Amino acid sequence: GLLANYRVTIGGEGTEVLGVVLGPGMLISSAAGAEAGRAGGWYQNFELATVTWAPGVGGGAVRGGIREFYFEKNGPETVGYPAKLEVQIGDGWYQDFERGTVAWSPAGSGFIVGGIRDAYFSYGGPAVLGYPLGAERTHSTGVWIQDFQNGSVVWSIAGGSAVLQGGLRDVFAA
């Protein structure tokens, strides 16, 4: 089954993760480094995935393009530790963490957080808007904006969020 016949101990004594659930056919292989602590949690690299443990979320794992982006961009400090397993939609993957989502596709990668994240998933997420083309940024009008393959999400404290597509998206791209 999904709970394999092995134990991975991370985070010291008493914080075992039994058969890390990565999904069907998702193996972690052998250890590729020592256990390390970071941002209030623990992780250990394996050949095919990184196994994590943090208070409040327990055990998890990151792999593939999400793993590369997550550690390259200081994921533990930025979005915390994995809260759910990765999900594939189309040619990309996304995974929820304590304080946001990491998304990866051949088109790009990005953290999706806060009001932009809420609007992105309310509007259909990767199935409708596609995957991030980069990080969120501040627009000259003072709103936060993040571009996705099929639209952009804007957010401000005063106005909340909106999804822009077509010509209106082009205005904010300028």
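Whatever comes next refers back to the structure up there.
Conventions used here
- Residues numbered from 1 in each chain as written.
- Predicted model: local features only at pLDDT ≥ 70, side-chain atom pairs only at ≥ 80, totals over all residues.
- Heavy atoms only, no water.
- Pairing = 2+ DSSP bridges.
- Helix = DSSP H or I, 4+ residues; strand = E, 2+ residues; numbered from the N terminus.
- Axes fitted to C-alpha atoms, helices over the stretch in contact; angles between N-to-C directions.
- Contact = heavy atoms within 4.5 Å.
- Buried < 20%, exposed > 50% of the residue type's maximum accessible area, 1.4 Å probe, protein only.
- Core = buried A, V, L, I, M, F, W, Y, C linked by side-chain atoms within 4.5 Å.

1. Observations concerning the sheet that holds strand S6 (residues 58–62)
So, step 1. If you trace the four strands from one edge of the open sheet to the other, you get S3-S4-S5-S6, paired in antiparallel fashion. On the outer flanks of this sheet lie strand S3 (36–38) and S6, each paired with one strand and no other. Ignoring which end each strand starts from, the neighbouring axes of this sheet average 25° apart.
So, step 2. In terms of strand pairing, strand S4 (residues 41–45) meets strand S5 (residues 50–54) through four bridges, oriented antiparallel. Following the sheet pairing, Trp42 is matched in S5 by Trp53.
So, step 3. Contacts from helix H1 (residues 64–72) reach S3, S4, S5 and S6, with the element oriented near 105° to S6.

2. What to know about the pairing of strand S12 (residues 144–148)
So, step 1. Counting buried positions along S12 yields four of five residues, so the element is predominantly enclosed.
So, step 2. In sequence, strand S11 (residues 137–138) turns back onto S12 through a hairpin of five residues, with Gly142 there showing a positive phi of about 95°.
So, step 3. One ladder, built from five bridges, connects S12 with strand S13 (residues 151–156); its direction is antiparallel. Residue pairing across strands places Trp144 opposite Trp155, the latter belonging to S13.
So, step 4. Linkage of S12 to S13, two consecutive antiparallel strands, is achieved through a turn of two residues.

3. Quick notes on the pairing of strand S10 (residues 108–112)
So, step 1. Burial analysis of S10 places five of its five residues in the buried class, which makes it a mostly covered element.
So, step 2. Across the two faces of S10 the burial is the same, with Gly108, Gly110 and Ile112 and Ser109 and Phe111 all buried.
So, step 3. The pairing of strand S9 (residues 100–105) with S10 spans five bridges and is antiparallel. Across the sheet, Thr101 pairs through a bridge with Ile112, a residue of S10.
So, step 4. Hairpin remark: S9 followed by S10, antiparallel, with two residues in the connecting loop.

4. Quick word on the nonpolar core
So, step 1. Judged by nonpolar contacts, Tyr43, Ala54, Val62, Ile66, Phe69, Tyr70, Phe71, Val79, Tyr81, Phe97, Val102 and Phe111 together constitute the single largest core of twelve residues.
So, step 2. A total of four residues in this core trace back to one element, the largest contributor, which is H1.
So, step 3. Residue contacts for Ile66: discarding those within four places in its chain leaves Glu86, Trp93, Tyr94, Gln95, Phe97, Val102 and Trp104.

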